Amino acid sequence: MPSTPSGDAGPDAGRASFRDVVAAYVGLTKPRVIELLLLTTVPVMFFAERGIPALGLVAATVVGGSLSAGSASAFNCVYDRDIDEQMRRTRRRALPRHIVSPVSALVFATVLAVLSTVVLAVWVNWLSAALSLGANAFYVIVYTMILKRRTTQNIVWGGLAGCFPALIGWTAVTGELAWTPVVLFLVVFFWTPPHTWALALRYREDYAGVDVPMLPVVAPADVVARQIVIYSWVMVATSLLLWPVAGTSWFYPLAATVLGAVFLVEAHRMWRRAKASDQLSDIAPMRLFHHSNLYLSLLFVAVALDPLIG
């Protein structure tokens, strides 16, 4: 565990209201990340059911998945509290502000992990519970503790944890694995580097200041943008594999083609800007970052709608 100031709550905690403390604990779970993970879970349940799945099953999967993702994020906040305190993007989190102590956050993360496993095992199935627990452990141990501070490939392989919701959504309905969720797993895998490197390019000085070797820290912007283009092409090609593998209707490949084309145009535009200038104001990496969120959201909405429309 990295060194950090005392685990006792600091001055901010003494002035914090009950609402502040509750908000701090919610913040530990990174709700925006949970939203994104659920967006790749629930649509897959619709696709697996070839219609509308049982609402009770959806609710249990959403609750269990949210608790698991929140647990992983809280563990991440505990381990990374030393660098979070130094980075502009993260210094307002609960632990850097000392509203919540590291020990309290660790207990909170553990409780969420246990509750998640129980909810998924009892009300969904053991396979989904095991996949969720495995994703949590992978994110905390492999990405946060091993890869993040050691290699530029940190987000490539560490991002595998964020791919598991596609598998969990499928197994929640079917109780078994298949090639269809594996294709969607791979879509998220190839989506993660463009998404994360665009954000890391925007905050490359932050990562450089804490010696986290994100690709934008160790490589010129045009090299990063080229890698983003490469991964984007593979991502779009992989997304189209769902058509023959799962036997979708006409709707999904049409949506995937249009969404992929728009994303590729934006990725190439950013690469062109990066080749012309190294200034962030000229490259505008956050434009691609926001496009990546929209792309993944709409693609998985298409996954959910395909069996209903087709």
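Preceding this paragraph is the structure being described.
Remember, predicted model here, so these are calculated numbers, not experimental data.

Outline the packing of aromatic side chains, listing residues and values.
All chains considered together, the criterion is met by 9 aromatic pairs. Here the aromatic rings of Phe-189 and Phe-190 are separated by 5.1 Å at their centres, their planes lie at 70 degrees, and the arrangement is edge-to-face. Between Trp-250 and Phe-251, the aromatic rings sit 5.8 Å apart at their centres with planes inclined by 85 degrees, giving edge-to-face as the arrangement. The exposed category is assigned to Trp-250, whose relative accessible area is 54%. The exposure class of Phe-251 is buried, given its relative accessible area of 18%. A cation sits over an aromatic face here: Arg-89 above Tyr-203, 5.7 Å from the ring centre. Its end group placed over the ring of Tyr-203, Arg-202 keeps NZ or CZ at 4.7 Å from the ring centre.

Could you give an account of the environment of Ala-302, with specific residues and numbers?
Inspection of the secondary structure puts Ala-302 in helix α18 (residues 285-309). For Ala-302, a relative accessible area of 3% translates into the label buried. For the pair Ala-302 and Pro-193, spaced 109 residues apart in sequence, the C-alpha to C-alpha distance is 22 Å. When neighbours within four sequence positions are excluded, Ala-302 is seen to be in contact with Phe-251, Tyr-252 and Ala-255.

Go over helix α10 (residues 164-174), please, and point to the residues and values.
The buried count for α10 comes to 9 of 11 residues, which makes it a mostly enclosed element. Packed against the buried residues of α10 are α3 (31-39), α4 (42-49), α5 (55-79), α8 (126-147) and α11 (179-202). Where α10 terminates, the next one or two residues include Gly-175, which has phi positive at roughly 75 degrees.

Give a detailed account of the packing of α3 against α5, specifying residues and quantitative values.
Running from amino to carboxyl end, α3 crosses α5 at an angle of 135 degrees, the nearest separation of the two axes being 10 Å. Judged on the interaxial angle alone, α5 and α3 are oblique. Here α3 and α5 pass one another in a crossing that is right-handed. Residues Ile-34, Leu-37 and Leu-38 of α3 lie in contact with α5, whose contacting residues are Val-62, Ser-66, Ala-69 and Gly-70. Of the residues that constitute the contact of α3 with α5, the class distribution is 5 nonpolar, 2 polar and no charged.

Now, about the environment of Gln-227: what can you tell me, with residues and values included?
Following the sequence through the fold, Gln-227 ends up in helix α14 (residues 221-240). Through-space distance from the C-alpha of Gln-227 to that of Pro-193 is 8.5 Å; in sequence the pair is 34 residues apart. The residues contacting Gln-227, other than those within four sequence positions of it, are Trp-197 and Leu-215.

Basis of the calculations
Residues numbered from 1 in each chain as written. Predicted model: local features only at pLDDT ≥ 70, side-chain atom pairs only at ≥ 80, totals over all residues. Heavy atoms only, no water. Phe/Tyr/Trp six-rings, centres within 6.5 Å; stacked < 30°, edge-to-face > 60°. Buried < 20%, exposed > 50% of the residue type's maximum accessible area, 1.4 Å probe, protein only. Lys NZ or Arg CZ within 6 Å of the ring centre and 35° of its normal. Helix = DSSP H or I, 4+ residues; strand = E, 2+ residues; numbered from the N terminus. Contact = heavy atoms within 4.5 Å. Axes fitted to C-alpha atoms, helices over the stretch in contact; angles between N-to-C directions. Parallel < 35°, antiparallel > 145°, perpendicular 65-115°, else oblique. Left-handed = near helix turned anticlockwise from the far one by under 90°. Nonpolar A, V, L, I, M, F, W, Y, C, P; charged D, E, K, R; others polar.

Take it as geometry only, folks, not as evidence of what the structure does.
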